[in-house]
Amino acid sequence: MRTRGAGRLLGGEGRRMADAVLFEFLHTEMVAELWAQDPDPGPGGQKMSLSVLEGMGFRVGQALGERLPRETLAFREELDVLKFLCKDVWAAVFQKQMDSLRTNHQGTYVLQDHSFPLLIRMASGLQYLEEAPKFLAFTCGLLRGTLSTLGIKSLVTASVAALPACKFQVVIQRS
C-alpha cells in the first residue's frame, strides 16, 4: 500500500488550516519558552523577552518581505503599503484580512483586528488580558520587518482592550 503525504491528503483549505494551527502552536511555544526561564520576571526580564520575540518577528517579516513579487515593491504611497499589509500579508499569515485601517495622514496608522487569531484561545476570561502583550510582540516585529523590507522605517506597538481584539499602531519614522 502506498502512503500519501499530508499535503496531498489535505485539500487547499485543509492545508491552510493545518498551517495556521502549526503557526499558532509554534508561536505559543516560543512565548512559553521565553517565559519558562523566569516565570515571574521583573520589568527588565519582561522587556528582554518581549524584545526577543519582537526581534524574531522582525526577521520573519524581513524574510516575508524579501519573497514578495517585485511589482509589490513599487508602491508609490505609504498608505498603499499599509493597505497591502492589511489585506494580502495579513491574509497570508493569519488566513484573514485586517478588520480596519485608520490613519491621521501624518504618518500614524492604526490597524485593528477584532478577532486576532493568536488571542482567540485566551478570550475566555479577563484574567488573560494582562498576558496579551507577550502574544503580540512577535506580530509587531513581523509588521515592522515587512515594512522595513518595503523601504519604510517604523515603530509598531500593540494594545488590547478586550480579548480577542487588538490594535497595532504603526508610526512611520521620517528621516
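- Taking an unreviewed UniProt entry as the reference, the chain is identified by name as Trafficking protein particle complex subunit 6A belonging to Delphinapterus leucas.
- Its UniProt record gives the chain a comment under Sequence similarities (unreviewed entry), which states: "Belongs to the TRAPP small subunits family. BET3 subfamily."
- The Function (unreviewed entry) field of the UniProt record for the chain holds the comment "May play a role in vesicular transport during the biogenesis of melanosomes."

## Topic: the overall build of the chain
In step 1: A count of helices and strands for the chain gives five helices and four strands.
In step 2: The buried share among the 175 residues of the chain stands at 37%.
In step 3: Put simply, the chain shows about 10700 Å² of open surface, and 54% of that area lies on carbon and sulfur atoms.

## Let's talk about the environment of threonine 157
In step 1: Along the polypeptide, threonine 157 turns up in strand β3 (residues 154-159).
In step 2: On the basis of relative accessibility, which here comes to 38%, the residue threonine 157 falls in the partly exposed class.
In step 3: Taking the C-alpha atoms as reference points, threonine 157 and arginine 144, separated by 13 residues in sequence, lie 9.6 Å from one another.
In step 4: Beyond its immediate sequence surroundings of up to four residues, threonine 157 is in contact with Cys140, Lys167, Phe168 and Gln169.

## With respect to the pairing of strand β2 (residues 108-113)
In step 1: Across four bridges, the pairing between strand β1 (residues 100-103) and β2 is antiparallel. When the bridges of β2 are listed, threonine 103 appears paired with tyrosine 109.
In step 2: Joining the antiparallel neighbours β1 and β2 is a turn of four residues, in which histidine 105 adopts a positive phi near 60 degrees.

## Some details on the nonpolar core
In step 1: Ranked by internal contacts, the top residues of the largest apolar core, which has 39 residues, are Leu111, Phe116, Leu119, Phe168 and Val170.
In step 2: Only α2 (12-36), α4 (78-94), β2, α5 (137-149) and β4 (166-172) provide two or more residues apiece to this core.
In step 3: When residues of this core are assigned to their parent elements, the largest contribution, nine residues, is made by α4.

## Describing the sheet that holds β3
In step 1: As summarised here, the arrangement of the four strands in space is β1-β2-β4-β3, forming an open sheet in which the pairing is antiparallel. At either margin of the open sheet sits one strand with a lone partner, and together these are β1 and β3. Across this sheet, the average inter-strand angle for adjacent strands is 20 degrees, counted without regard to direction.
In step 2: Contacts from α4 reach β1, β2 and β4, with the element oriented near 15 degrees to β2.
In step 3: Each of β3 and β4 is contacted by α5, which is oriented at about 155 degrees to β3, the strand it contacts most.

## Re the packing of aromatic side chains
In step 1: With the rule as written, the count across this model stands at five aromatic pairs.
In step 2: Relative to phenylalanine 168, the ring of tryptophan 90 has its centre 5.6 Å away and its plane inclined at 65 degrees; by these criteria the two rings are edge-to-face. Placement of tryptophan 90 in helix α4 and of phenylalanine 168 in strand β4 is noted, with a sequence separation of 78 residues between them.
In step 3: Ring geometry for phenylalanine 116 and phenylalanine 168: centres 5.6 Å apart, planes at 70 degrees, overall edge-to-face. Of the two residues, phenylalanine 116 is situated in the loop between β2 and α5 and phenylalanine 168 in strand β4; the sequence distance between them amounts to 52 residues. Here phenylalanine 116 matches phenylalanine 168 in class, with each residue buried.
In step 4: By way of ring pairs, the aromatic residues Trp90, Phe94, Phe116 and Phe168 are connected into one cluster.

The rules we used
Residues numbered from 1 in each chain as written. Predicted model: local features only at pLDDT ≥ 70, side-chain atom pairs only at ≥ 80, totals over all residues. Heavy atoms only, no water. UniProt positions renumbered as here; feature names shortened; annotations may be inferred. Helix = DSSP H or I, 4+ residues; strand = E, 2+ residues; numbered from the N terminus. Buried < 20%, exposed > 50% of the residue type's maximum accessible area, 1.4 Å probe, protein only. Areas by Shrake-Rupley, 256 points an atom, 1.4 Å probe, with all protein chains shown as cover. Contact = heavy atoms within 4.5 Å. Pairing = 2+ DSSP bridges. Core = buried A, V, L, I, M, F, W, Y, C linked by side-chain atoms within 4.5 Å. Axes fitted to C-alpha atoms, helices over the stretch in contact; angles between N-to-C directions. Phe/Tyr/Trp six-rings, centres within 6.5 Å; stacked < 30°, edge-to-face > 60°.

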